[in-house]
Amino acid sequence: MQLLRMKTVLVIEDEALIRQYLVETLTLNQFHTLEAPDGLAGLDVIRESRPDLILCDIRMPYFDGYDVLRAVRQDAELATIPFIFLSARASHSEVRQGMNLGADDYLIKPCRSRDLVEAIESAFIKRANFSRCYLEQVEEVKDQLVQLTHWDDLTDLPNRSRFQEELKAICSQSEDRESIGDRFRSSIATLSIKVTSYRSVCLVLGQETGDQLLQAVAGRLSTVGNPGFVARLGEDEFGVILENAGDRSSISEFTQTLLSILNVPYMILGEELRLQCCIGIALFPQHSVHSEALLLQADVARRWCQDQATTGFRFYNPAIVALENDRQAITTDLAQAIERSQLELYYQPQVNLITGQLVGVEALARWTHPERGVVSPESFIPVAEESGLIASLGEWALRSACQQSMAWSEHLCNPISISVNLSMRQFDNPDLLEMVAQILQETRMEPRFLVLELTESSLMQEITLTIEKLKKLKKLGVRLAIDDFGTGYSSLSYLSQLPIDELKIDQSFVRQLNRDRNATMISSTIISMAKSMGLKVVAEGIENSQQRDFLTNAGCHIGQGFLYSKPMDARAMLSWLNNPASPHAVH
């Protein structure tokens, strides 16, 4: 153990005779020694001299051994110094306390010279072994990090970073190869694939099912994509590189085959699942000779395909960039429109299907652009969602709707219930409760006349937190409705736990009543289910008396649609309310 000698040992001991004995013993055994008469002085020595080991008494005035050990272990630069306690007596609880704090050993005073030296040498050996194991673990972690930076753990596929490296290498090799001309150079196809129905599967059947589904998709891609390079690019996104892919016709044929195979039903945990996928394709060298641009172009083509609600594929086209730029321009204009109050609310009456009396109105955002003219909500609401403008747009709509409701109520001497949509982003906003409460206070609107509408998909995420937030909204006194019900994937077990007041049947079902068997059956089921749960049912999109009669006979409470009125601006809505032929609000 001679190699362990000449290391520096600090002795912290308040009894001078014991401290002198320990210092002399260590010096005789070829250790360099430092000494301190108490814990505070010892800490100063530790910080200044960084000893190789600390030998410390437990019971000392003002600052005991436990305090010294805590200070040492909490300092990253000192934490690895071996630490041995000295004690005239050591109970089991004292030993445990010291070990929990990170002590390496205990010695009972007075201790023999041999025991002291062996304890110190043992502490050094243990610390050396620990350091060696630590370094080995560090190397293992480094190897794992290298693996993680290039590989996806769930699907056992290369990840986006590795995909980009491979694409760059393939493109570079193609450029380096001698060729007669570009027309003889075979294309390299980059495919960006998105499983658009993945999140819905997770919402309905859980994350485990979603994970197994992605693994199954990865398996099919690996089989069909050979000899291409397949990777997982994101949560529900995959990529394929096809070297020597041929012409557009060959690539289209391959992609269609790929889609057909991906769309074959999957059997996951006893559930038969069908997927929806979108694929974007970019070609080297036709679209770009830069690998970095190819994946971005494939992503743009895939996103555009997805935005058009198709489940096919699309090649990149520079025209898409123009459309993307136009989308960005709309985003900029929408931000200015919100800031300058250039949007307005339209209102659509909601009536009691039996009595025909007005029971409320739904507020709907409308935008007339100074150059584009009327921009449909189907165009600007998704832009607001993607850009984050939906928060300010939603707050404006809620405040304006409450102000308008109060204005009508004062004019008619009768309160009017008003429904306002909340987006998923608004619902996720931690300041939502405070914002709603503040608007109610500002406008002096009674909360019971405000209905907040949320979609199924926004409610089915983080269900425990959703229920908690809905309960807090209910405490404000507002009413809650699920909008577009039937188009999502709600679990009935969760639905029964939600503190909601209304279900709104989506207009896509209402318009198909008596024409489509599934739509008719779904509508009847929703109404029966809602009645059993004590919920009101609102049907959207009623256009004719046959639809109204079916819904009334089925037990639906409230309806809205062109049969009663199109959405109107505030002035037209007031005229409609003042018309003797139009019933006034009842509650």
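Preceding block: the structure.
What you are looking at is a predicted structure, and each value in this text was computed from that prediction instead of being measured.

Draft legend 1. Molecular detail of the overall build of the protein. For the protein, the helix and strand inventory stands at 22 helices and 23 strands. For the protein, the residues scored as buried account for 46% of the 587 residues in total. Partitioning the intrachain contacts of the protein with sequence separation of at least 6 by distance along the chain shows that 67% fall at a separation of at least 24. Put simply, the protein shows about 29,400 Å² of open surface, and 50% of that area lies on carbon and sulfur atoms. Within the protein, one finds 55 positive and 77 negative side-chain charges whose respective centroids are separated by 4 Å.

Draft legend 2. Spatial organisation of the pattern of salt bridges. Counted under the stated rule, the structure contains 29 salt bridges. Note that Glu-35 is salt-bridged to Arg-19, the shortest N-O span being 3.0 Å. Of this pair, Glu-35 sits in strand β2 (residues 32–36) while Arg-19 sits in helix α1 (residues 16–28), and the two are 16 residues apart along the sequence. Between Lys-504 and Glu-453 there is a salt bridge, with its nearest N and O atoms 2.9 Å apart.

Draft legend 3. Fine view of the sheet that holds strand β14 (residues 313–315). The strand order across the open sheet built from 5 strands is β9-β10-β8-β13-β14, with neighbouring strands paired in mixed fashion. Both outer strands of the open sheet, β9 (229–234) and β14, are each paired with one neighbouring strand and no more. For this sheet the average axis-to-axis angle between neighbouring strands, irrespective of direction, equals 20°. Sheet topology note: the strand β8 (residues 188–195)/strand β13 (residues 277–284) ladder contains 8 bridges and is antiparallel. Looking across to β13, one finds that Ser-192 is bridged to Gly-280. Most of the contacts of helix α9 (residues 248–262) go to β13, to which it runs at about 155°, and overall it touches β8, β10 (237–242), β13 and β14.

Draft legend 4. Inspection of the packing of helix α2 (residues 39–49) against helix α3 (residues 65–73) at higher detail. Look at α2 against α3: their axes get within 9 Å of each other, and the N-to-C directions meet at 25°. Between α2 and α3, the crossing angle belongs to the class labelled roughly parallel. Read as a crossing pair, α2 and α3 show a hand that is right-handed. Contacts between α2 and α3 involve Gly-39, Leu-43, Ile-46 and Arg-47 on the former and, on the latter, Val-68, Ala-71 and Val-72.

Draft legend 5. Quick look at the sheet that holds strand β5 (residues 105–108). One open sheet holds the 5 strands; their spatial order is β2-β1-β3-β4-β5, and the pairing between them is parallel. Strands at the two margins of the open sheet, each flanked by one partner only, are β2 and β5. Strand-to-strand, the axes of this sheet are offset by a mean angle of 20°, without reference to chain direction. Where strand β1 (residues 8–12) meets β2, 5 bridges bridge the pair, whose relative direction is parallel. Across the sheet, Thr-8 pairs through a bridge with His-32, a residue of β2. The sheet contacts of α3 involve β1, β3 (53–57), β4 (83–87) and β5, and relative to β4 the element is tilted by about 175°. Along the sheet face, helix α4 (residues 92–101) touches β4 and β5 and points at about 145° away from the line of β5.

What counts, and where the lines are drawn
- The numbering scheme is per chain: residues are counted from 1 as the chain's sequence reads.
- Totals for whole chains, interfaces and linings use every residue, but because this is a predicted model, local features are given only for residues with pLDDT of at least 70 and side-chain atom pairs only at 80 or more, for both listing and counting.
- Hydrogens and waters are ignored; side-chain quantities use all the structure's heavy atoms.
- Helical segments are the DSSP runs of H or I of at least four residues, strand segments are the runs of E of at least two, and each set is numbered from the N terminus.
- Only protein chains enter the calculation, and the probe is 1.4 Å; a residue is then buried if its accessible area is under 20% of its type maximum, exposed if over 50%, and partly exposed in between.
- Should any heavy atoms of two residues lie within 4.5 Å, those residues are considered in contact.
- Areas reported as accessible are Shrake-Rupley estimates using a 1.4 Å probe. Residue values count occlusion only from the protein chains shown.
- Counting rule for charge: Lys and Arg are taken as positive, Asp and Glu as negative, and neither His nor the chain ends is counted.
- In this description, the location of a charge corresponds to atom NZ of lysine, CZ of arginine, CG of aspartate or CD of glutamate.
- We count a salt bridge whenever a side-chain nitrogen from Lys or Arg sits within 4 Å of a carboxyl oxygen from Asp or Glu.
- Any two strands between which DSSP finds at least two bridges are classified as paired.
- All axes here are fitted lines through C-alpha atoms, helices being fitted over the stretch that makes contact, and every angle between N-to-C directions spans 0 to 180 degrees.
- To sort the angles, those under 35 degrees are grouped as roughly parallel, those over 145 as roughly antiparallel, those from 65 to 115 as roughly perpendicular, and the leftovers as oblique.
- Note on convention: the crossing is left-handed when the near helix lies turned anticlockwise from the far helix by less than a right angle, right-handed when the turn is clockwise.

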